[in-house]
Amino acid sequence: METIILTLILFTPLAGALVIVSLPGGLVRAVKLVGLVASVITFALTVWLFLAFDGRNGEMQFVEKISWIPSLHVSYHLGVDGISLLLVVLTGFLTPIALLSSWDSIAVRVKGFVALMLLLEVGTLGVFMALDLFLFYVFWEFMLIPMYFIIGIWGGQERIYAAVKFFLFTMAGSLLMLVAIIWLGVYASTLQGGTFTTDLMELSRIAPGIPFGIQTWIFLAFTLSFAIKVPLFPLHTWLPDAHVQAPTAGSVILAGVLLKMGTYGLLRFSIPLFPAATFAFLPFIATLAVIGILYGALVAMVQPDLKKLVAYSSVSHLGFVVLGIFALTDEGIQGAIIQMVNHGLSTGALFLLVGMLYDRRHTRLLKDYGGLAKPMPVYATIFMIIMFSSAGLPGLNGFVGEFLILLGSFRSPFLGTPWFAIVAASGVVLAAVYLLRSYQRVFFGKNENPANQSLKDINLREWVVLVPILIFVVWIGVFPQTFMAKTEATTRHLVRQMEDARRGVPRAPSGMPNGMVPTRQSR
Amino acid sequence: MTPDTLLTLAVATLLLPLCGFVLMIFFGKRLPRQGDWLSTSVIAVSLGMAVVILAAKIGSYGGETLTLNFTWVDLHNVPLIGPLPIILGVAVDNLTAVMLVVVTLISTLVHLFSIGYMHGDIRYSRYFAYLGFFSFSMLMIVLANNLFLLYVGWELVGISSYLLIGHWYEKKSASNAAIKAFLVNRVGDFGFFLGIAMLFMTFHTFGLREIFEGIGAGRLPFESNWWLTAAGVLLFCGAVGKSAQFPLHVWLPDAMEGPTPVSALIHAATMVAAGVYLVARIFPLMTADALLVVAYIGAITAFISATIAITQNDIKKVLAYSTISQLGYMIMGLGVGAYSAGFFHLVTHAMFKAGLFLGSGSIIHAMHNALHHENDHATDAQDLRNMGGLRKAMPVTFWTFVVYTLAICGVPLTSGFLSKDEILAGTLAFGGMSGHVIIPVIGFLVAGLTAFYMFRVVILAFLGDHKDAARFSHLRESPMVMTIPLVVLAILSVFVFYSFNPFDASDSWIVRAVGRPDSVVPPSMAAPSTEAFEEAAHGLHGTAMLLSLSVAGIGVLFAFVTYYWRKINADAVASALGPAYRFLLNKWYFDEIYQAVIVNGTLALSRILRWFDGNIVDGLVNGTGWVTRGISSVSGMFDTYVVDGIVNLTGYLSGVGGLALRKFQTGRVQSYVIFAVLSVMVFYFVFRLI
C-alpha cells in the first residue's frame, strides 16, 4: 500500500465522481451518499498517510514516478513531505465536512454539485502532491473549473460576476507561471548534458543557479500567481466576492484549502527554487503581508455582512502565514504551516456557522440579528469557541500558529528587524476587535426581532459537521506536537538550505544524497 | 513531603477546577441544584491542597524552588541556535504557595456566596462553570515557571473575565463592558508579548530562571542595557492592562456590570492582582529605570483613581476605583523596591477587598429584594444615595463591612495597617534615596483620600436613617451562605493571621517567606540593593506609621463631618467646585477621550479603507476588466467592419468583376478571334513601349 497510497488518495474521489456521473440524476440520496462515502474513504487514507509518515525524515516520502510524456520528460511524479502532508490531510478532512454541510441546502442539480466537489478535491490533492511542474500546473488549472461552476451555478445573486472574477484573476497569474515553467524546462535543456524537464527534483538542483537577473523574473512569475491565490494585498479583491457568492460548501473549501495552494506554492517553489530572488524580494513581500494583516482586519471591522467579514479576516490571517514563511526561521515556517491548517479549521468552521444561520434566516447582515444566544445556546457556544480560536486565544489552535509566526519573524535574520513582527502583532488586537464586536451584535443583547425568536438550535447533522473541527481546534491548541513533529524535519531542511544559500555555500540539494553540485555551462 | 508529592499536589490543585469546569459545562444543568455543590466542593478541595502545599513548602523547604518541566514542542536543531525545545513547567516557591492559598480561598468563599447571591439566575450552572474555569486559569498564572505558560493563563483569565462580565449579556452595557475589558487587556498584552518575544529571541527559552541566569551571565537583548529596560517595561505593559493601571485602567469600573461575586473574585482580589504578581515574578530582571516607570505608573494610578472614587455614587464604582487605587499602591510598592510589602499588600487587600465587594453584594441583594417587593424598578439598588440606615437591617453585613473599611484605611490591629505601613515606609526610603519625593507624597495623600471615601460609603450606606420606610421594612439580612464568607473574610482582615506583632510587619511570616529576590541586571543598571533599601526603610517605620495614621484620621474625620454630622454640605462644595467636581465625577474624561480618539479614529480608518477597497483596489480590477472589454469591443468592431469588411469587399468586387467579364463570354467563335487579335496587338504595343 505504501507504494501507491498517494495514487489511491488521488483517485478515490475521482472514482466517486465517475460513479456519481453514471448514476441517474433522480437518485439524489444515493448521489449524496456515494459522494460522502468516497470523501470519507479519502480522508481515512490521508489519516493512514499521516500515521505512516516519518516526521524525522525531511525528504519526499511515498514517492511515485511513472513516465507520462517521455518526449518532454514529463512524468506522473507524486510525493509528500512535511510541508504538504498536513495540507493533504486537511483537504481530506474538510471535503466530507463540506459535503455534509450542504446536505440540505443544495437542492438543485445535486448530482453535478457532488461530482464537482469531488473533482475539486482531486485537483487540490493533486496540487499538494505533484512533484512535476507540468503535472502541478495541470492540477492547478484543473481545480479552477469545478470551483468556477460551484460558484457560478449554486452561488448567490452576483454569482456570475464573482465566478468570472475568480477565474480570470487566477488565470492571469497562472499563465505567467506556465511561461516560467516552460522557460525553466528549456533552460534545463541548454545545460551541458541537459534535457527538457519539468521535474521538481531536477529543477531544484538547477534553478538556484539561474543568473540573478533572469531568476527575478521567473520568481516573480511564480510568486505573482501564488500571491493572487493567497491572496496577498492588493490582489485580494476576488476573495470577498467569491466567498460571499459561493455556497457554504464552496466557501469552506475555498477558504480552507484553496487559499493554501498559494502559500504552499510559495514554500514549495518560489522560495527553494529561487533563493537569490527570494532574498531580494523578501522585505517587499513581508511588507505586503503585514499591510494585509492590518488592512484585512480593519476592513473586516466595518463589514455589514458576516460572510464578507470572515472573508476579509482571511486576508488578515493569510498575511500572518506569508509573514511566517518569509521569516525563513524554523518557528516562522512551522508556525506558518500549522497556521494554514488552523485557518482551514477555524475559517472553515466560521463559514459553516454562518451558512447554518443563513439556512435558517436567509440573511447574513449583522443588523438583522441580535440576542441569538437565547434561542440558540449551543450554536452560540460553538461560535464563541471558533471565534476565540480565530482570535488566537491560548488553548485553541490559532494561538499556536500566530505565536510561533510572531516569534519567528521577531528574530528572523532574513527580515533583519523585529518591526515586521511588532506591527503584525497589533493585528492580533484588531482581530479581537472585529470578532468580539460582531459576536456581540449577533448573539448578545435582547432578541427583539420576531423572525429570530423561534430559531432552532443546531441539529444532529450540524453537530456531526462541527464536532470534528472542534476536536482538532482544541487538540492543536493544547498539544501541537502531534502535528508539528511531522513538519519539523522538512522545515529544518528548508531553513538550512536558505541559510546556506544566503552565505553562498554550495549545497547538497534534496534528492541528491551524495551532495554533488551539478556542473553547469553558462550560456 | 517529598518534592514530587508536593508538585503532584500542586498540579492537582491546578487541574481540579478544570475538571470541574468540563463537568459543569456538559452536565451542569442536569445535575441536582444545577451542580453548584460540585463546583464549590471541587474548589474547596483545591483550597485544602493549597493549604497543605503552603505548610509543607514553608515548613520543610525554606526558600527553595521546586520545579516540574515537560517539553511542549520540540523544534530540535535550529540553525544558528542549536537544540530548541520549548520547555514548559510549573514551579512552587513561597510566592506561589502563598498565592495558591489566596486564590483558592477567595474562590471558595465566592463560590459559597454565589450560591445565595445567584439563586434563581437564568444561567446558574454556566456561571459556576465559568468560575471554575477562572480558578484554573488563575492558578496556571500562579504556578507557571515560564513566560509562555504565564501568558497562556494570562489570556485565559481574560476570557473568563469576558464571559463573566458579560454574564447578563441581554444588557447592552454588560456586553459592552465585557468587550471593553477584553480589548483593553489585549492592548496591554501586545506589549507583554513583545517583551516575551524579545527575551525569547535573546535567550531561546521562556523559562524565567534560565532568563535570569542568562542576564546574570551578561547576555542582554540586542546587547544593550537600554533594551533590557525596554524588555522590563514591555512585560510590565501586561500588568498595566490586567491590573488596570493608568492609562489602561478604564475597563475595570465598567467590569462592575458583572455579578458582584465575580467583581469580588476576579476584579478585586485575584485576577487584577495578577499584574502585581507578574511584576514580582520578573522583579530580578527589572532595571532601576524600569522600576522607576513601574513606581510612577503605580503612583499616578493610585492618585487618579482615589480622586475619582470620592465623587462616585454607585457603591460598586467606588469600590472599583478603590481597587484600582490599591493596585496602584502595590505596583508602586514593588516599583520603589518594597517587594515584600507590595506582595504582602496584595494578600491583605485580597481579603478585605473581596470582603468589601461581597458586602456590597449583600447590600445590593437586600436592596434588590426590597425594591422587588415594592414593585419599584426605577430605583437604582446600587446607588449610595438610595441607601442609608442599613446597619439596623443588616448587622452582620454592617459589622464585617466596618472591619474591611478599617483594614483598607490602615487602622492598627488590621491586616491593612501592616501592609500599608510597609509600603509607605518603602516610598519614604525611596524618596530619600532617589530624590523622587513626589512618590511618598502621593502615597500619603492617597492614604488620606482612601480613608475619606471609604467612610463616606460606610456612612451613606449604613448609618443615619433609611429614607423610604416601606422599603426599609422589606430589607433583610442575607442568608447564612452569604454571611459566612463575610465573617471569614473579616476575621482574615485581622493582624494576627499575618504577624503576631500588630505594629511591625517585618516579623510577618509572609514578609519573611517572600523575601526580595536578588537583581540579575548589570550593577550599573540595578536599583539600590536590598540591604541598602532595607536599611533606609528601617528607620522610617515610625515616621510612616505616624504620618499614615494622621492622614487616615483626617480623612475619616472629614467623612464624618461631611456625611454624618453634615457640618459641611457636600452638594454645596460640589457646586462651588463646579468644573473640578465634574472633572472627577466624569472620571477625568478618560472614556470620552479614548472614544473620540482611539475608537472613532480606528472606525474612521476602517471606513476609509473599506471605501478604498471597494472603489480603488477593486476599482482597478474592474477598471482593468472594463478596459479589456473596451478593447475587445473595439477589436470586435474592427473585426466586423474592417477585417470582415475587406473580406466582403473582395467578395463583392469579384462579383462585380464577374458580372462585367460575363459580357465577354459570348460563346461565339468570331468574337473570341477578334478578342485574340486585339489582345495580341495590345501586347505587341505594350512590349514595344517597354
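The shown structure was predicted, so the numbers you read here are calculated from the model rather than taken from an experiment.

S.K.: Would you explain the overall build of chain A in this entry?
M.R.: Along the backbone of chain A there are 20 helices and two strands. In terms of overall size, chain A behaves like a compact globule, its C-alpha atoms giving a radius of gyration of 22 Å where 523 residues would be expected to give roughly 24 Å. Expressed along its principal axes, the backbone C-alpha trace of chain A runs to roughly 75 × 55 × 40 Å. The buried share among the 523 residues of chain A stands at 67%.

S.K.: When you look at the overall build of chain B in this model, what are you seeing that I'm missing?
M.R.: Secondary structure summary: chain B contains 27 helices and two strands in total. Computed over C-alpha atoms, the radius of gyration of chain B comes to 38 Å, more than 25% over the 26 Å expected from 2.2 N^0.38 for 690 residues, which places it beyond the range of a compact globule. Dimensions of chain B, computed from C-alpha atoms along their principal axes, come out at roughly 150 × 70 × 55 Å. A burial count over chain B gives 56% of its 690 residues as buried.

S.K.: Before we go on, may I ask you to explain the interface of chain A and chain B in this structure?
M.R.: Many structure descriptions define interface size as the accessible area lost when the parts assemble. On the chain B side, the residues contacting the 65 residues of chain A number 55 residues. Interface area, chain A with chain B, both sides summed: about 5200 Å², of which 72% is carbon and sulfur. Taken together, the connections running from chain A to chain B amount to 15 residue pairs in polar contact (both at pLDDT 80 or more). At the level of secondary structure, the elements contributing two or more residues to the side of chain A that touches chain B comprise helix H7 (159-190), helix H12 (275-301), helix H14 (330-361), helix H15 (377-390), helix H16 (397-410), helix H17 (419-443), helix H19 (460-478) and helix H20 (481-503) of chain A.

S.K.: Where do I start with unusual backbone geometry in this structure?
M.R.: Across residues other than glycine, the phi torsion is negative in most instances, and most of the peptide bonds are trans. Residues and elements named next belong to chain A. Residue proline 231 is reached from valine 230 by a cis peptide bond, and omega for that bond is -5°. Here proline 231 lies in the loop between helix H9 (212-229) and helix H10 (238-245). The peptide bond linking phenylalanine 233 to proline 234 adopts the cis configuration, its omega dihedral lying at 0°. Positionally, proline 234 belongs in the loop between H9 and H10. A positive phi angle is found at arginine 109, which is not glycine, with a value near 45°. Position of arginine 109 among the secondary structure elements: in the loop between helix H3 (82-101) and helix H4 (110-129). You will see that histidine 362, though not glycine, has its phi angle at about 55°, which is positive. By the secondary structure assignment, histidine 362 is in the loop between H14 and H15. Residue histidine 362 is classed as exposed on the basis of its relative accessible area of 56%.

S.K.: What exactly am I supposed to notice about the confidence of the model for chain B here?
M.R.: Atom-level detail of predicted coordinates should not be read off regions where pLDDT is low. Residue-level pLDDT values for chain B average 88, and 99% of them are 70 or greater. Confidence estimates for the predicted assembly give a pTM of 0.88 and an ipTM of 0.86.

S.K.: Could you clarify how one ought to interpret the pattern of salt bridges in this entry?
M.R.: Charged atoms that come close allow side chains of opposite charge to pair. In the structure shown here, the tally under the stated rule is 25 salt bridges over all chains. Note that A:Asp241 and A:Lys165 form a salt bridge whose closest N and O atoms lie 2.7 Å from each other. Pair noted here: A:Asp241 is in helix H10 and A:Lys165 is in helix H7, with a separation of 76 residues, a long-range link. Accessibility expressed as a relative area gives 7% for A:Lys165, which makes it buried. One salt bridge connects B:Lys171 with B:Glu257, and the closest N-O pair in it is separated by 3.4 Å. In this pair, B:Lys171 sits in the loop between helix H5 (147-165) and helix H6 (172-203) while B:Glu257 sits in the loop between helix H9 (251-254) and helix H10 (260-269), placing the two residues 86 residues apart along the sequence. Owing to a relative accessible area of 40%, B:Lys171 belongs among the partly exposed residues under this scheme. Each of the salt bridges in this network shares a partner with another, and the network as a whole consists of A:Lys165, A:Asp241 and B:Asp618.

S.K.: Looking at this structure, I do not really get the confidence of the model for chain A. What am I missing?
M.R.: Confidence in the prediction of chain A, expressed as mean pLDDT, is 88, and 96% of residues score 70 or more. When the criterion is pLDDT under 50, residues 507-523 of chain A qualifies, and its contacts beyond four places in sequence or with other chains add up to 27 contacts.

S.K.: What exactly am I supposed to notice about a nonpolar patch on the surface here?
M.R.: All names here are of chain B. Taken together, the side chains of Leu661, Phe664, Val669, Tyr672, Val673, Ile674, Phe675, Val677, Leu678, Met681, Tyr684 and Phe685 make up a nonpolar region of the molecular surface, amounting to roughly 1200 Å² of accessible area. At 10 residues, the largest contribution of residues to the nonpolar patch is made by helix H27 (residues 669-689). Here valine 677 shows up in helix H27.

S.K.: Would you explain the pairing of strand E2 (residues 74-80) of chain A in this entry?
M.R.: Across a regular strand the side chains alternate sides, sitting on one face of the sheet and then on the other. Residues and elements named next belong to chain A. Most of E2 sits out of view: seven of its seven residues are buried. Burial along E2 is two-sided: the residues Val74, Tyr76, Leu78 and Val80 and Ser75, His77 and Gly79 are all buried. Pairing between strand E1 (residues 61-69) and E2: six bridges, direction antiparallel. Paired with isoleucine 66 across the two strands is tyrosine 76, which belongs to E2.

S.K.: What is the right way to look at the packing of aromatic side chains in this model?
M.R.: As enumerated under the stated definition, the model contains 75 aromatic pairs over all chains in all. Each ring, one from A:Phe388 and one from B:Tyr162, has its centre 5.7 Å from the other, and the planes form 80°; the classification is edge-to-face. Note that A:Phe388 is positioned in helix H15 and B:Tyr162 in helix H5, a pairing that runs across two chains. Ring centres of A:Phe472 and A:Trp475 lie 5.7 Å apart, and the angle between their planes is 5°; this geometry places the pair in the stacked category. Within this pair, A:Phe472 and its partner A:Trp475 are both found in helix H19, separated by three residues, close to a single helical turn. Classification of A:Trp475 by relative accessible area gives partly exposed; the value is 37%. Against the face of A:Phe50 rests A:Lys486, its NZ or CZ located 4.9 Å from the ring centre.

S.K.: Looking at this structure, how should I read helix H13 (residues 306-327) of chain A?
M.R.: Each α-helix winds once per 3.6 residues, and so residues spaced three or four apart point in a common direction. All names here are of chain A. If you check H13, its first and last C-alpha atoms are 32 Å apart, about what 22 residues at 1.5 Å a residue would give, namely 32 Å. Across the 22 residues that make up H13, a large majority, 21, are buried. If you check the start of H13, you find a side-chain oxygen 2.7 Å away from the backbone N of lysine 307, and it comes from aspartate 305. Leucine 328 lies just past H13 and shows a positive phi near 55°.

S.K.: How do you make sense of the nonpolar core when you look at a structure like this?
M.R.: One recurring pattern in soluble globular proteins: nonpolar side chains tend to sit buried together. Core analysis: the biggest nonpolar cluster contains 444 residues, and A:Phe222, A:Phe274, A:Phe388, A:Phe443, B:Ile106 and B:Tyr162 have the highest contact counts within it. Sorting elements by how many residues they give to this core places helix H14 (residues 339-373) of chain B first, with 19 residues. Sequence-distant contacts of A:Phe388, defined by excluding residues within four places in its chain, comprise A:Leu393, A:Leu396, A:Leu436, B:Ile159, B:Tyr162 and B:Phe182.

S.K.: How should the environment of A:Leu72 be read in this particular structure?
M.R.: Residues and elements named next belong to chain A. Relative to the elements of secondary structure, leucine 72 occurs in the loop between E1 and E2. Leucine 72 sits 205 residues away from alanine 277 along the chain, and the two C-alpha atoms are 27 Å apart. Every residue in contact with leucine 72, bar those within four places of it in the chain, is listed here: Phe196 and Thr197.

S.K.: I keep staring at the packing of H4(A) against helix H6 (residues 144-154) of chain A and nothing clicks. Help me out?
M.R.: Helix-helix packing: each pair is described by the crossing angle between the helix axes and the interaxial distance. Residue and element names in this part refer to chain A. At their nearest, the axes of H4 and H6 sit 9 Å apart, and the two run at 150° to each other. Between H4 and H6, the angle falls in the class roughly antiparallel. For the element pair H4 and H6, the recorded crossing hand is left-handed. Each of Gly112, Phe113, Leu116, Met117, Leu119 and Leu120 in H4 lies in contact with H6, whose residues at this interface are Pro146, Met147, Phe149, Ile150 and Trp154. Along the lines of polarity and charge, the residues of the contact of H4 with H6 split into 10 nonpolar, one polar and no charged.

S.K.: Looking at this structure, how should I read the environment of B:Val152?
M.R.: Its place among the elements puts B:Val152 in helix H5. On the basis of relative accessibility, which here comes to 9%, the residue B:Val152 falls in the buried class. Separated by 12 residues in the primary sequence, B:Val152 and B:Met140 have C-alpha atoms spaced 8.1 Å apart. Excluding its chain neighbours within four sequence positions, the residues that come into contact with B:Val152 are A:Pro394, A:Phe399 and B:Met140.

Reading the values: the criteria
Residues numbered from 1 in each chain as written. Chains lettered and ligands numbered in written order. Predicted model: local features only at pLDDT ≥ 70, side-chain atom pairs only at ≥ 80, totals over all residues. Heavy atoms only, no water. Helix = DSSP H or I, 4+ residues; strand = E, 2+ residues; numbered from the N terminus. Rg over C-alpha atoms; globule rule 2.2 N^0.38 Å. Buried < 20%, exposed > 50% of the residue type's maximum accessible area, 1.4 Å probe, protein only. Contact = heavy atoms within 4.5 Å. Buried area = accessible area lost by both parts, 1.4 Å probe. Polar contact = N/O pair within 3.5 Å; in protein donor to acceptor, adjacent residues only side chain to side chain. pLDDT = per-residue confidence, 0-100. Salt bridge = Lys/Arg side-chain N within 4 Å of Asp/Glu carboxyl O. Patch = residues over 30% accessible without salt bridge, like charges linked within 9 Å, V, L, I, M, F, W, Y side chains within 5 Å. Areas by Shrake-Rupley, 256 points an atom, 1.4 Å probe, with all protein chains shown as cover. Pairing = 2+ DSSP bridges. Phe/Tyr/Trp six-rings, centres within 6.5 Å; stacked < 30°, edge-to-face > 60°. Lys NZ or Arg CZ within 6 Å of the ring centre and 35° of its normal. Expected span 1.5 Å × (residues − 1). Core = buried A, V, L, I, M, F, W, Y, C linked by side-chain atoms within 4.5 Å. Axes fitted to C-alpha atoms, helices over the stretch in contact; angles between N-to-C directions. Parallel < 35°, antiparallel > 145°, perpendicular 65-115°, else oblique. Left-handed = near helix turned anticlockwise from the far one by under 90°. Nonpolar A, V, L, I, M, F, W, Y, C, P; charged D, E, K, R; others polar.

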